[in-house]
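One letter stands for each residue in the lines below.
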Amino acid sequence: MWLSIKRGAQNFSSHLRSLDGLLGVHRSQIKIKFSVKTSRRIRHLIVKMSGQSQRLNVVPTVTMLGIMKARLVGATRGHALLKKKSDALTVQFRAILKKIVSTKESMGEIMKSSAFALTEAKYVAGENIKHIVLENVQNASLKVRSRQENVAGVKLPKFEYFTEGETKNDLTGLARGGQQVQQCRAAYVKAIEVLVELASLQTSFLTLDEAIKTTNRRVNALENVVKPRMENTITYIKGELDELEREDFFRLKKIQGYKKREIEKQMAAAKQYAEEQVAEKVSLKKGISINSAHNLLSKTVEKDEDIIF
Amino acid sequence: MYGFEALTFNIHGGYLEAVVRGHRSSLLTASDYNNLCQCETLDDIKMHLSATEYGPYLQNEPSPLHTTTIVEKCTLKLVDEYKHMLCQATEPLSTFLEYITYGHMIDNVVLIVTGTLHERDVQELLEKCHPLGMFDSIASLAVAQNMRELYRLVLVDTPLAPYFSECITSEDLDDMNIEIMRNTLYKAYLEDFYKFCKKLGGATAEIMTDLLAFEADKRAVNITINSIGTELTRDDRKKLYSNFGLLYPYGHEELAVCEDVDQVRAALEKYPAYQSIFAKLSYGESQMLDKAFYEEEVKRLCLAFEQQFHYGVFFAYMRLREQEIRNLMWISECVAQNQKSRVHDSVVFIF
């Protein structure tokens, strides 16, 4: 059996003594584990009972019951919302997966055709066309920009490309091969389009995957840990309250019983006194005080100094 | 004297003409191309090529083979043959042979100029140059810090100096678009080559002027089509046309005002020689124009070999070799990229 002790607890041996009585377990069988608590203001002891899920160890008062009920309602609502979020994310995920598959196929085709366009350009304009074009370049004219898109609460990055600045390469291959060079450039621009799209699809895929895992983890945690814990705590508090009530009731009953007996005793004592008084009066009238006779007799039991023997 | 070259040509040029004709017979034939087109991988291509004259150049390459390696080695073979011929040549054949490579030299110079302007590494630039266009002082071009110094260096060190001084001042070099500069230089080179061939006279002059005229016209048409829709003005366009050829001067007038491929076609239909080229293309299409031009060029180059005792065979051989290397590059790329169906689109059979 495990027991978690809150930080700064003093005299935990006294805790042990009181608790083992409560739990019905011998002190030697209680193990101690220090842990950092989850809830911010209320540091609870979590008690694990064998065969059941944990419950929070709280003071079983009515206020606490109200608080726990509110938390259970919150947990239930949170669970429903998260489940909806997880479903929405999964739908998006599947859609992106389908798009990725088709984009990858088309990318294969496009890369093949653009490589072939380069071959055609090399054929007509000479082998050196590659070097000529490369040497003439200062900056990239096709650039990629990224921005955030919000999908069901998850921020997905999206890339898009834009052309900046003019290319001075319109006249490349003026004397031979100009057409092929321009065609090659168009083919490669298309290839870049497809590649940028594929890149943004793949990053959203990975991000969504992470988000879905986290959300599912939270849903499962709520479903399997938090809610049962709350329910057990509420059951426990209710049980304790009932027991307290029963104790109170029992105590009341017992006290009533005592009081009744007290009253009866007093009544009996009073009655006896009254009878004795009556008897005294009667005996006095007859000239003897039974009381004093009694006293005399009883007194001889005690030592009287006047009496020698 | 035209017609009497047989008497004196063989004294100086006989050995080299024989060498060139021997090389010409080792060009790949249609059956070779068919075999190559059937190949599945680059290793098959290497195997087929090792049976041809390219064998010794390719046999030391480790697999996996790359298409650029194949092209590099074939170009290396061409460069070796060219150097061999250049060593053995005397004037004026040696000058003629050098003229053939000035085109590549212009490309290399322009490449180094652009690279230096954008602060690239010199060694990398030198590696990217075409081997046929290398000359000794090319590395000194990369030392220049700005255009002014570059201009001075170019005037002093390169054989292209006269082309620079004729058409470009140092201020032009700064603002001019690199392509316009390249084409202006090439125009100057073609005109110079044309004058030189005319000076040589005889069969050389006749055949070479014909070939150069075709080259100039081809460039004019390409410049027109490629500058449609760009910022090149009509006057600039006209400045890039050479001042010889079938299209000079009336064709050039018409081409300068063209705004559309169909207008170009209309302008060229007046010349029966070029009409057949455009007949191969359907209306509005211009992609296959380059291939049509290559085919026509190959036909004319082959005709150059029909006559003896002129220098045109050297020029024709170099050009045919380059076309062959282009074919090989195309076939290897198609095989490597798994596009076998497109192989026959662009292969130009020489025989």
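The rules behind the values
- Residues numbered from 1 in each chain as written.
- Chains lettered and ligands numbered in written order.
- Predicted model: local features only at pLDDT ≥ 70, side-chain atom pairs only at ≥ 80, totals over all residues.
- Heavy atoms only, no water.
- Helix = DSSP H or I, 4+ residues; strand = E, 2+ residues; numbered from the N terminus.
- Buried < 20%, exposed > 50% of the residue type's maximum accessible area, 1.4 Å probe, protein only.
- Contact = heavy atoms within 4.5 Å.
- Phe/Tyr/Trp six-rings, centres within 6.5 Å; stacked < 30°, edge-to-face > 60°.
- Lys NZ or Arg CZ within 6 Å of the ring centre and 35° of its normal.
- Salt bridge = Lys/Arg side-chain N within 4 Å of Asp/Glu carboxyl O.
- Buried area = accessible area lost by both parts, 1.4 Å probe.
- Polar contact = N/O pair within 3.5 Å; in protein donor to acceptor, adjacent residues only side chain to side chain.
- Expected span 1.5 Å × (residues − 1).
- Bend = angle between axes of the 7 residues up to and from the residue.
- Core = buried A, V, L, I, M, F, W, Y, C linked by side-chain atoms within 4.5 Å.
- 1 Å grid on protein atoms, 1.4 Å probe; cavity = no way out; pocket = protein on both sides within 12 Å on 5 of 7 lines; lining within 4 Å.
- Points joined across faces, edges and corners; volume = space filled by probe spheres on them.
- Nonpolar A, V, L, I, M, F, W, Y, C, P; charged D, E, K, R; others polar.

> So what's going on with the overall build of chain A? Residues and values would help.
Looking only at helices and strands, chain A has 5 helices and 6 strands in total. Starting at the N terminus and ending at the C terminus, chain A contains elements arranged as β-α-β-β-β-α-α-β-β-α-α. Counting only residues that meet the buried cut, chain A has 29% of its 309 residues in that class. In chain A, of all internal contacts separated by at least 6 residues, the share reaching a separation of at least 24 is 70%.

> I'd like to hear about the packing of aromatic side chains, residue by residue, with values.
The description of an aromatic ring pair rests on the distance of the ring centres and on the angle between the ring planes. Summed over the entire model, instances satisfying the criterion amount to 22 aromatic pairs over all chains. Ring centres of Y123 of chain A and W330 of chain B lie 5.4 Å apart, and the angle between their planes is 55°; on these two criteria the pair is classed as tilted. Remark: W330 of chain B occurs in helix α19 (residues 312–336) and Y123 of chain A occurs in helix α2 (residues 62–125); the pair is interchain, linking two chains. Of the two residues, Y123 of chain A and W330 of chain B, neither departs from the other in class, the shared state being buried. Ring plane angle 55° and centroid distance 6.4 Å describe the contact between Y311 of chain B and F314 of chain B, whose orientation is recorded as tilted. Against the face of Y54 of chain B rests K77 of chain B, its NZ or CZ located 5.3 Å from the ring centre.

> Which residues make up the pattern of salt bridges, and what are the values?
Opposite charge on two side chains makes pairing possible when the charged atoms of those side chains draw close. All names here are of chain A. Applying the stated criterion across every chain, the model contains 30 salt bridges over all chains. Close ionic contact of K143 with E164 constitutes a salt bridge, the shortest N to O distance being 2.4 Å. With K143 in strand β5 (residues 142–151) and E164 in the loop between β6 (154–163) and α4 (178–286), this pair connects stretches of sequence that are 21 residues apart. The partly exposed category is assigned to K143, whose relative accessible area is 30%. On the basis of relative accessibility, which here comes to 39%, the residue E164 falls in the partly exposed class. Where K213 meets D209, a salt bridge forms, and the shortest distance between an N and an O atom there is 3.2 Å.

> Residues and numbers for the interface of chain B and chain A, please.
By a widespread convention, an interface's size corresponds to the accessible area lost as its parts come together. Counting from both sides, the interface comprises 43 residues of chain B and, opposite them, 30 residues of chain A. Here chain B meets chain A over a buried area of about 3,500 Å², counting both sides, of which 53% is carbon and sulfur. At the boundary of chain B and chain A, one finds 2 salt bridges. Between R342 of chain B and E120 of chain A there is a salt bridge; the shortest N-O distance is 2.7 Å. At the boundary of chain B with chain A, the tally comes to 8 residue pairs in polar contact (both at pLDDT 80 or more). Taken together, the elements giving at least two residues each to the side of chain B that touches chain A come down to α6 (93–117), α7 (122–128), α12 (178–200), α13 (202–226), α18 (289–304) and α19 of chain B. The element contributing the most residues to the side of chain B that touches chain A is α19 of chain B, with 7 residues.

> Could you give me a rundown of α4 of chain A, with the residues and numbers involved?
Residue and element names in this part refer to chain A. The first and last C-alpha atoms of α4 sit 158 Å apart over 109 residues, in line with the 162 Å expected at 1.5 Å per residue. Most pronounced at L222, the bend in α4 amounts to some 40°. G287 sits one or two residues past α4 and shows a positive phi near 100°.

> Just give me the short version of the nonpolar core, but keep the residues and values in it.
Residues and elements named next belong to chain B. Counting residues in each nonpolar core, the largest one holds 94 residues, and the members touching the most others are F96, F193 and F314. The dominant element in this core, judged by the number of residues it contributes, is α19, at 14 residues. With sequence-adjacent residues up to four places away left out, F193 is seen in contact with F96, Y99, I100, M208, L212 and F315. The next biggest cluster of nonpolar side chains, apart from the first, holds 27 residues, and it includes F214, V264, A267 and L289.

> So, the layout of surface pockets: which residues are in play, and what are the values?
Its boundaries defined by the atoms lining it, the largest pocket holds a volume of some 1,200 Å³. G126, E127 and N128 of chain A together with H104 and H130 of chain B are, among the 47 residues lining the largest pocket, the residues nearest its centre. Take the lining of the largest pocket: its biggest share by element is 7 residues, from helix α5 (residues 67–88) of chain B. Each residue belonging to the lining of the largest pocket can be placed in one class, and the counts come to 18 nonpolar, 11 polar and 18 charged.

Worth remembering: the numbers are spatial, not functional.
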